Amino acid sequence: MPTPDVIQETIILGSGPAGLTAAIYAGRSRCCPLLIHGHQPGGQLTTTTAVDNFPGFPAGIDGPELMENMRRQAERFGARFVEGEVTSVDLREHPYKVWLGSELYRCLTLIIATGASPRLLGLGNEEALYGRGVSVCATCDGFFYRDREVVVVGGGDTAIEEAVFLTRFARRVTIVHRRGELRATPVLAQRAFANDKIAFRWDTTVSEILADQAGVTGLRLKNAKTGETDVLACDGVFIAIGHQPNTGLFAGQLDLDHEGYISTRNGTETSVPGVFAAGDVQDPIFRQAVTAAGSGCMAAIQAERFLDDLPSEAQLNCQRGICKER
Ligand code: NAP
């Protein structure tokens, strides 16, 4: 286990493709990374079905398996892992401070790869109904909807992927989308149009989730053009309306853009020297596993260069390159 009073060379926050790739590169360049991850390691890919577009896997690979492979690869190069919820950071003074409750870690470089979380509709009972008919992950919960009626909210790639996946179990899947055309890429959209288990409700928003003691019973829908409302009976609703970056910890300490993503320049540099951001936490545009992994690599290389440029007295406590003893 890492010793809290030792200053770490590199701390990585997050264990999705960005964090784990950063750990592989930082470990391999002997920066002895310490990766801190939450209670569900692996990031969003652990909630996805077969990943078809990660290079090197011609037959595709399961998201959780891909993440487990990356973790083992990082461990091979000496990366260390700590599980816990980061409660606060202090980036105003170098070495930087990271708290897990009362436990303090200090580091010379910090790589933030905390990703993004599913966005919710903002309806009163939405979160209370998690696990009782409301879900943000078809891969995790689809199995429970064998021969049931389900709704997917959203019109992007995720919504379409989830809807197609759910047709393996559900009797019928209705995609409720607030506009009259999908945002999803045509190749994915075509899969949904060609699937006769999938129905569409266009120009429609969800104004209420109806439920009884056992869980969701239906949705009150509103036509965005006519204002008419009706009730669609269903057993489950999968919300797939995009994500918000996990940057609450850094507000006021790092520059964020208007949507809350960490602003980066020259690759993965943030507004604080020695603090780098990689993956979905700084990427509102591409958000792919492979782009996240690529930026994790960049962050590790930039962190290594930052360490190389530090005056030697700043490195005294961290015994650079001696990973095993720490
Ligand atoms: P997204 O592309 O941002 O799409 C979000 C969808 O939800 C949009 O259709 C949006 O409607 C709708 N929406 C947003 N807020 C809403 C609200 N409050 N109420 C109702 N609807 C709302 O998000 P995503 O589908 O999660 O995809 C994110 C990124 O991951 C994209 O770059 C996507 O290409 C990528 N991705 C790729 C794959 C793949 O290649 N296999 C799979 C999944 C995701 P509007 O269209 O009206 O804005």
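Computed from a predicted model, the values in this text were never measured in an experiment.

Engineer: Got a minute to help me understand the site of the ligand in this structure?
Structural biologist: The local shell around the ligand holds 21 residues, among which Asp157, Thr158, Glu161, Arg179 and Arg183 are the closest. For the ligand, an oxygen atom lies 3.0 Å from a polar atom in the backbone of Gly155. Arg178 has a polar side-chain atom sitting 3.0 Å from an oxygen atom of the ligand. Here the ligand has 920 Å² of accessible area as a free molecule, and 78% of this is covered by the chains. Broken down by element, the shell around the ligand gets its largest block of residues, three residues, from helix α4 (residues 157-166). For the shell around the ligand, a count of residues per class yields five nonpolar, nine polar and seven charged. When we break the shell around the ligand down by domain, the ones giving at least three residues each are domain 1 (7-117 + 243-325) and domain 2 (120-239).

Engineer: Would you mind showing me how to read the packing of helix α1 (residues 17-28) against helix α2 (residues 63-76) here?
Structural biologist: Helix-helix packing: each pair is described by the crossing angle between the helix axes and the interaxial distance. Between α1 and α2, whose axes approach to 8 Å, the crossing angle comes to 25 degrees. One finds that α1 runs roughly parallel with respect to α2. In terms of crossing hand, the pair formed by α1 and α2 is left-handed. Within the contact between the two elements, α1 uses Pro17, Leu20, Thr21, Ala23 and Ile24 and α2 uses Met67, Met70, Arg71, Gln73 and Ala74. Its residues placed into classes, the contact of α1 with α2 shows seven nonpolar, two polar and one charged.

Engineer: Sorry, what's going on with the packing of α1 against helix α6 (residues 289-309) here?
Structural biologist: Their axes nearest at 7 Å, the elements α1 and α6 cross at an angle of 40 degrees. The handedness of the crossing between α1 and α6 is right-handed. Between α1 and α6, the residues in contact are Pro17, Ala18, Thr21, Ala22, Tyr25 and Ala26 and Ala289, Ala292, Ala293, Gly296, Cys297, Ala300 and Ile301, respectively. Partitioned by chemical class, the residues of the contact of α1 with α6 number 11 nonpolar, two polar and no charged.

Engineer: Where do I start with the sheet that holds strand β11 (residues 149-153) in this structure?
Structural biologist: Within a sheet, each strand pairs with its neighbour through backbone hydrogen bonds, oriented either parallel or antiparallel. With respect to topology, five strands assemble into an open sheet ordered β10-β17-β11-β12-β13, the strand pairing being parallel. This sheet does not close on itself; its edge strands, each paired only once, are β10 (134-135) and β13 (198-201). Those strands touched by α4 are β11, β12 (172-176), β13 and β17 (236-239), and its axis lies near 170 degrees from that of β11.

Engineer: For this particular structure, what's the right way to read the pattern of salt bridges?
Structural biologist: Pairing is possible between side chains that carry opposite charge, provided their charged atoms lie close to one another. Applying the stated rule across the entire model yields 10 salt bridges. The shortest N-O distance in the salt bridge between Arg71 and Glu75 comes to 3.2 Å. Of the two residues, Arg71 and Glu75 both sit in helix α2, four residues apart, roughly one turn of that helix. Asp230 is paired through a salt bridge with Arg201; the nearest N and O atoms lie 3.0 Å apart.

Engineer: How should I be thinking about the packing of aromatic side chains in this particular structure?
Structural biologist: Two measures describe an aromatic ring pair: the distance that separates the ring centres and the angle between the ring planes. Scanning all chains against the criterion turns up eight aromatic pairs. Aromatic side chains Phe143 and Phe144 sit 6.0 Å apart centroid to centroid with 80 degrees between the ring planes, which places their arrangement in the edge-to-face category. Aromatic side chains Phe276 and Phe306 sit 6.5 Å apart centroid to centroid with 75 degrees between the ring planes, which places their arrangement in the edge-to-face category. Taken as a pair, Phe276 in strand β19 (residues 275-277) and Phe306 in helix α6 lie far apart in primary sequence, 30 residues in all. Among the aromatic residues, ring-to-ring pairing joins Phe143, Phe144, Phe165 and Phe169 into one connected group. The ring of Phe81 carries the charged tip of Arg71 above its face, separated from the ring centre by 4.0 Å.

Engineer: Teacher, can you tell me more about α6 here?
Structural biologist: The terminal C-alpha atoms of α6 lie 30 Å apart, and with 21 residues this matches the ideal 30 Å at 1.5 Å per residue to within 8%. Turning to α6, its buried residues are Ala289, Ala292, Ala293, Ser295, Gly296, Cys297, Ala299, Ala300, Gln302, Ala303 and Leu307.

Engineer: What is the right way to look at the sheet that holds strand β16 (residues 229-233) in this model?
Structural biologist: Taken together, the three strands give an open sheet; going across it, the order is β14-β15-β16, and neighbouring strands pair in antiparallel fashion. Each edge of the open sheet is held by one strand with a lone partner, namely β14 (204-212) and β16. The mean inter-strand angle of the sheet, taken between neighbouring strand axes irrespective of direction, is 30 degrees. In this structure, strand β15 (residues 215-223) lies alongside β16, joined through five bridges in antiparallel fashion.

Cut-offs applied
- Residues numbered from 1 in each chain as written.
- Predicted model: local features only at pLDDT ≥ 70, side-chain atom pairs only at ≥ 80, totals over all residues.
- Heavy atoms only, no water.
- Near = heavy atom within 4 Å.
- Polar contact = N/O pair within 3.5 Å; in protein donor to acceptor, adjacent residues only side chain to side chain.
- Areas by Shrake-Rupley, 256 points an atom, 1.4 Å probe, with all protein chains shown as cover.
- Helix = DSSP H or I, 4+ residues; strand = E, 2+ residues; numbered from the N terminus.
- Nonpolar A, V, L, I, M, F, W, Y, C, P; charged D, E, K, R; others polar.
- Domains from an automatic or database assignment.
- Axes fitted to C-alpha atoms, helices over the stretch in contact; angles between N-to-C directions.
- Parallel < 35°, antiparallel > 145°, perpendicular 65-115°, else oblique.
- Left-handed = near helix turned anticlockwise from the far one by under 90°.
- Contact = heavy atoms within 4.5 Å.
- Pairing = 2+ DSSP bridges.
- Salt bridge = Lys/Arg side-chain N within 4 Å of Asp/Glu carboxyl O.
- Phe/Tyr/Trp six-rings, centres within 6.5 Å; stacked < 30°, edge-to-face > 60°.
- Lys NZ or Arg CZ within 6 Å of the ring centre and 35° of its normal.
- Expected span 1.5 Å × (residues − 1).
- Buried < 20%, exposed > 50% of the residue type's maximum accessible area, 1.4 Å probe, protein only.

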